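# Commentary on secondary and tertiary structure
Single-letter residue listing:
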Amino acid sequence: MLRTIRLLVQITTGVIVLTVAGLALIYYFAARSLPEYNTTLQVAGIGAPVEIVRNNANVPHIFGETDQDVFFALGYAHAQDRLWQMTMLRRAAQGRLSELFGERTIGDDKFLRRLDIYNLAVSSVAAQDDQTKTALRAYSAGVNAWLNEVNAGARGRGAPEMWIFSHPVAPWEPADSIAILKVMALQLSGHMKSEVLRARASFVLDDDRLRDLLPDDPTGGIAALPEYASLVPGMSGERAFAQVAYSPLFPVKPPELSGASNAWAANGSRSASGATLLANDPHLGLTAPTIWYLARLELSAGGVIGGTIPGVPAILSGRNAELGWGVTTAYVDDQDVLLEELNPDNSRQYRDVSGWVPFRTRDSIIRVKDAPAQTITLRWTANGPVIPGDNLDLGKITPPGHVTALAWSGSSDRDTTMSAAIRLMQARSVTEGITAGQDHIAPAQNLMLADRNRIAMKTVGAIPARDPRHQSQGRYPSFGYLPENRWQGRFPYADNPEFLNPDGGIIGNTNNKTIDRPFPQHVSHRWGDSQRIYRWRRLMQARNVHTRDSFIEAQQDTVSFTAQTLLTLMGADLWFTGDAAPEGTPERRRQVALDLLSAWNGEMNEHMPEPLIYAAWVREFHNRLIRDELGPLAPQFTHPDPIFIERVFRDIDGAGIWCDVIQSAPIETCTDIARQALDDALIWITENHDGAIETIRWGDAHVATHDHEVLGAVPLLNWVVNIHQSTSGGDNTLQRGRTAGTGENPFRNVHAAGYRGVYDFADPDSSVFIIATGQSGHPLSRYYDNLGELWRRGEYIPMSLDPDLARAAAVGVTNLQPVGE
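Residues numbered from 1 in each chain as written. Predicted model: local features only at pLDDT ≥ 70, side-chain atom pairs only at ≥ 80, totals over all residues. Heavy atoms only, no water.

Further remarks concern the overall build of the chain. Of regular secondary structure, the chain possesses 24 helices and 29 strands. The buried share of the chain, taken over its 821 residues, is 62%. Sequence separation of at least 24 residues holds for 72% of the intrachain contacts in the chain that already meet a minimum separation of 6. Summed over its atoms, the accessible surface of the chain is roughly 30900 Å², and 52% of this surface lies on carbon and sulfur atoms. Where the 73 positive side-chain charges of the chain centre and where its 93 negative ones centre are 4 Å apart. (Helix = DSSP H or I, 4+ residues; strand = E, 2+ residues; numbered from the N terminus. Buried < 20%, exposed > 50% of the residue type's maximum accessible area, 1.4 Å probe, protein only. Contact = heavy atoms within 4.5 Å. Areas by Shrake-Rupley, 256 points an atom, 1.4 Å probe, with all protein chains shown as cover. Lys, Arg positive; Asp, Glu negative; His and termini not counted. Charge placed at Lys NZ, Arg CZ, Asp CG, Glu CD.)

Within a beta sheet, neighbouring strands are joined by backbone hydrogen bonds and run either parallel or antiparallel to one another. Pairing is mixed in the open sheet, where eleven strands are placed in the order β1-β29-β2-β3-β6-β7-β8-β9-β17-β18-β20. The strands lining the two open edges of the sheet, one partner per strand, are β1 (39–43) and β20 (498–500). Between one strand and the next, the sheet's axes are offset by a mean angle of 15°, whatever the strand orientation. Bridge analysis of strand β2 (residues 50–54) against strand β29 (residues 812–818) gives five bridges, and the strand direction is antiparallel. Bridging from a neighbouring strand, arginine 54 pairs with glycine 812 of β29. The sheet contacts of helix α12 (residues 417–426) involve β6 (293–299), β7 (302–308), β8 (317–320), β9 (323–329) and β17 (445–451), and relative to β9 the element is tilted by about 145°. (Pairing = 2+ DSSP bridges. Axes fitted to C-alpha atoms, helices over the stretch in contact; angles between N-to-C directions.)

The next point concerns the pattern of salt bridges. Taken as a whole and judged by the stated rule, the model has 41 salt bridges. A salt bridge links arginine 90 to aspartate 176; its shortest N-O distance comes to 2.9 Å. Of this pair, arginine 90 sits in helix α2 (residues 67–94) while aspartate 176 is found in helix α8 (residues 174–188), placing the two residues 86 residues apart along the sequence. Its relative accessible area of 1% is what places aspartate 176 among the buried residues. Ionic pairing is found between aspartate 679 and arginine 590, a salt bridge with its closest N-O pair at 2.9 Å. Of this pair, aspartate 679 sits in helix α20 (residues 670–688) while arginine 590 is found in helix α17 (residues 586–598), placing the two residues 89 residues apart along the sequence. The same class applies to aspartate 679 and to arginine 590, which are both buried. Where salt bridges share partners, they join Glu606, Arg697, Asp700, Glu789, Arg792, Arg793 and Glu795 into one cluster. (Salt bridge = Lys/Arg side-chain N within 4 Å of Asp/Glu carboxyl O.)

Where α17 meets helix α18 (residues 610–630), the axes come as close as 10 Å, and the angle between the chain directions of the two elements is 110°. The orientation of α17 with respect to α18, classified from their angle, is roughly perpendicular. In this structure, the crossing between α17 and α18 has a hand that is left-handed. Seen from α17, the contacting residues are Ala593, Leu594, Leu596 and Leu597; seen from α18, they are Glu610, Ile613, Tyr614 and Trp617. Among the residues forming the contact of α17 with α18, the class breakdown is seven nonpolar, no polar and one charged. (Parallel < 35°, antiparallel > 145°, perpendicular 65-115°, else oblique. Left-handed = near helix turned anticlockwise from the far one by under 90°. Nonpolar A, V, L, I, M, F, W, Y, C, P; charged D, E, K, R; others polar.)

Time to look at α18. Over its 21 residues, α18 extends 30 Å from the first C-alpha to the last, a length consistent with the 30 Å expected when each residue adds 1.5 Å. Judged by how many residues are buried, α18 sits mostly within the fold: 18 of 21 residues are covered. The first or second residue beyond α18 is glycine 631, which carries a positive phi of 60°. (Expected span 1.5 Å × (residues − 1).)

Helix-helix packing: each pair is described by the crossing angle between the helix axes and the interaxial distance. Between helix α16 (residues 561–570) and helix α19 (residues 642–650), whose axes approach to 10 Å, the crossing angle comes to 25°. One way to sum up the angle between α16 and α19 is to call them roughly parallel. Seen along the crossing, α16 lies across α19 with a hand that is left-handed. The segment α16 lies against α19, with Thr562, Thr565, Leu566, Leu569 and Met570 engaging Pro642, Ile645, Glu646, Phe649 and Arg650. Tallied by class, residues from the contact of α16 with α19 come to six nonpolar, two polar and two charged.

Another point: α17. Every α-helix winds through 3.6 residues per turn, so residues three or four apart in the chain are directed the same way. Along its 13 residues, α17 runs 18 Å from first to last C-alpha, staying within 8% of the 18 Å computed at 1.5 Å per residue. Within the sequence span of α17, burial applies to Arg590, Gln591, Val592, Ala593, Leu594, Leu596 and Leu597. In this structure, the buried residues of α17 make contact with α16, α18 and α20.

Nonpolar side chains collect at one region of the surface, where Met1, Leu2, Ile5 and Val9 lie side by side and expose about 440 Å² of accessible area between them. Mapping leucine 2 onto the fold places it in helix α1 (residues 2–31). (Patch = residues over 30% accessible without salt bridge, like charges linked within 9 Å, V, L, I, M, F, W, Y side chains within 5 Å.)

Moving on to the nonpolar core. Buried together is how nonpolar side chains tend to be arranged in soluble globular proteins. With 202 residues, the main nonpolar core has Leu297, Met425, Ile613, Tyr614, Trp617, Phe621 and Leu816 as its most contacted residues. When residues in this core are grouped by element, the largest group, 15 residues, is from α2. Formed by ten residues, the second largest nonpolar core is a distinct cluster that contains Tyr331, Val332, Ala444 and Trp527. (Core = buried A, V, L, I, M, F, W, Y, C linked by side-chain atoms within 4.5 Å.)

The final tally for this structure, using the stated rule, is one disulfide. At a sulfur-sulfur separation of 2.0 Å, the disulfide partner of cysteine 659 is cysteine 670. Because the sign of the S-S torsion sets the handedness, a value of about 95° for the bond joining cysteine 659 and cysteine 670 places this disulfide among the right-handed ones. Separated by eleven residues along the polypeptide, cysteine 659 in the loop between α19 and α20 and cysteine 670 in helix α20 bring together distant segments of the chain. (Disulfide = S-S within 2.5 Å.)

With that settled, consider the environment of asparagine 601. Checked against the element boundaries, asparagine 601 lands in the loop between α17 and α18. Assessed through its relative accessible area of 43%, asparagine 601 is described here as partly exposed. Apart from residues lying up to four places away in sequence, asparagine 601 is in contact with Val559 and Gln564. Here glutamate 603 takes part through its backbone nitrogen, which lies 3.0 Å from a polar atom of the side chain of asparagine 601. (Polar contact = N/O pair within 3.5 Å; in protein donor to acceptor, adjacent residues only side chain to side chain.)

This paragraph deals with the packing of aromatic side chains. On inspection of all chains with the given rule, the structure shows 16 aromatic pairs. Between tryptophan 698 and phenylalanine 747, the aromatic rings sit 6.0 Å apart at their centres with planes inclined by 55°, giving tilted as the arrangement. Taken together, the residues tryptophan 698 in helix α21 (residues 698–701) and phenylalanine 747 in the loop between β24 (737–739) and β25 (749–753) connect sequence positions 49 residues apart. For the pair tryptophan 698 and phenylalanine 747, a shared accessibility class is recorded, and that class is buried. For lysine 458, the ring lying beneath its charged end belongs to tyrosine 493, and the centroid distance is 4.5 Å. The ring of phenylalanine 63 is capped by arginine 807, whose NZ or CZ atom sits 5.1 Å from the centre of that ring. (Phe/Tyr/Trp six-rings, centres within 6.5 Å; stacked < 30°, edge-to-face > 60°. Lys NZ or Arg CZ within 6 Å of the ring centre and 35° of its normal.)

Let's shift gears to the pairing of strand β12 (residues 355–358). The sheet contact formed by strand β11 (residues 346–352) and β12 spans four bridges and is antiparallel. What sits directly across from arginine 351, in β12, is tryptophan 356. With antiparallel pairing between neighbouring strands as the criterion, β11 and β12 make up a hairpin whose turn holds two residues.

As a further point, take the confidence of the model for the chain. Confidence in the prediction for the chain averages 92 pLDDT; 94% of positions are at 70 or higher. The low-confidence segment residues 220–229, where pLDDT is below 50, has 27 contacts with residues more than four positions distant or belonging to other chains. Of the regions scoring below 50 in pLDDT, residues 238–244 engages in 24 contacts with residues more than four places distant in sequence or in other chains. (pLDDT = per-residue confidence, 0-100.)

Written out as structure tokens, the structure is:
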């Protein structure tokens, strides 16, 4: 017996030793790719010494004798910290994810290949101006210098993920940076998905009910349109119901997650200091690491500092000594789905304006890990690339004998968006900033500008010129062979909306409707916000003058104008009603919830129960409204539209009929549905959250999920690579934390401001910024999540161009020396 015990002890000890040794070995190899920031290296590709000073937050401040050397060093720093992220963005653009991930990403690759993003980027290199070409080449050389260092110095393949997904990393090319911008443009353009969803809904709703469910912005007129089925004979709703699964690596997201942002500025008349102010917080999907990376470049025209995207040699939101800029998604309708009729006698032809013509075609080979390579035939019509029906539900709205093509501004093979970004960094005034934006193609953005004296907002990007006779005005897919449905180029840049130094002294945008013009100069029928703008306006008008701190306060504001509005309607017949009920009964739970909500001011505070009660109640109410009318299509509408719910309660144009359940004999009222929905919400809360209703926390449900896009779902590893944080805010607050809308926890925060900046030109070096995770993409680095807690608490770090401040307590200084010195 004693011998057996000894043997078991020895075996156990051996297993423990081997496990510890194995973990130590894994850590050793993973840690090899941690960069050494305090070092001197000789590199090829620079003409003089370059210094990368990393301040105490690991933000690189780059100093060189020429702009070319500075861009080289930015590429070097990006690759040091975010090599895996950069290569994944490039692979997505190239449609080469399946080489690493096998058949699970083959659909993503096919879609991106058909858009031909990477080849368009290659063609666009020649369209850049000379200084941009020089910047792109220098940046690429800097990335490749780090790749050479990884190989020569055995630095763990450059990133720990490379050990799991071993693959050769090709040298960086100028086209790679342009391709990443195109991927971002695709991610921020949601009109294709909106067209498809509207068409699908039109199969089961009449025109009035469709207008309720997908309302236009109420500040503009609602155009009466024919039903999609009348535009496209032979279509019915029987094929219109299916769910689309979006993979983490797929750049196309559901319409409600396609992009958002806030930006505003005040001139001297509305500033306490008499100088201008600007705030910006672009919203994108939360990931670990965040898509944003902070950097300072000392260019020949002066210092520039702000947020970059790894792989792109430009400050996309930031400032120099004289000018600050920020961006919001403009929601320009820059995508149209065209129905192309096939020749019934020759499927290699489609109907053009003049008759049957052949598709332009090219074969493309997709290599797949652990599976045979697949060859697909890419096809184009005069309108754009052909997208098969198994993508994004297109097949559900495509009539027999047709295929769909996508017209998109991002399909330009002379895309000069990169040149516009490089010139913007050198601009020193609002006028120069607006001029720099004229070559911006996609994604369309509202460019917010502030120099020391003036402010402006200009929509930059190509706005398609549509025919006034367009059948659907771009709301539905339409026939591509009809000349009135085809684009007629783009509107002149001068026609893009522009607001320059207004008399009121303040300009702002929350993705709301910016201009009310008739089609086809309307910019868009679909806008990203109809709610946050009202809270922003109230905060801006509540003070005669503003300061940097009041702009920060507005950026961090968590009061929901939507909650204040909808609760007034939903609880109108329920407040302080009902008989006394014993503890633990549904009636008692309802009374407690209503008592809490009746005294609530709409603040979506993570520590309070009211936001969760409100959010769950609105969600259940919305579900009860639509599930009988839409049936299997209802799950596509994951987020309640406040305008829709308000239309229903106010019975605008007969919208109150949504409250009556079609299949039931009784006639239900909106009060009945609101009461039932509240009970549904409280049951969901008690089943998913412990404790009494009064003790639950919004933050336990509204968890910011910064998940690693590849390893985030892998057991055990997800504890290392994912970053989860309790957060305030919600779908319609200025501190926006867009909820997932699906899954076991539909209220998790998946889309928020990955970058925040506030620029004060009374004292530019008092400007501040922050990103949502950390500078490093290496999970073992202390800079992987070092800024995340500051971000969660609404704090910032200094955004100074003072070299001495950067060097104070610097975590490292990398000196790059030309080879031979």
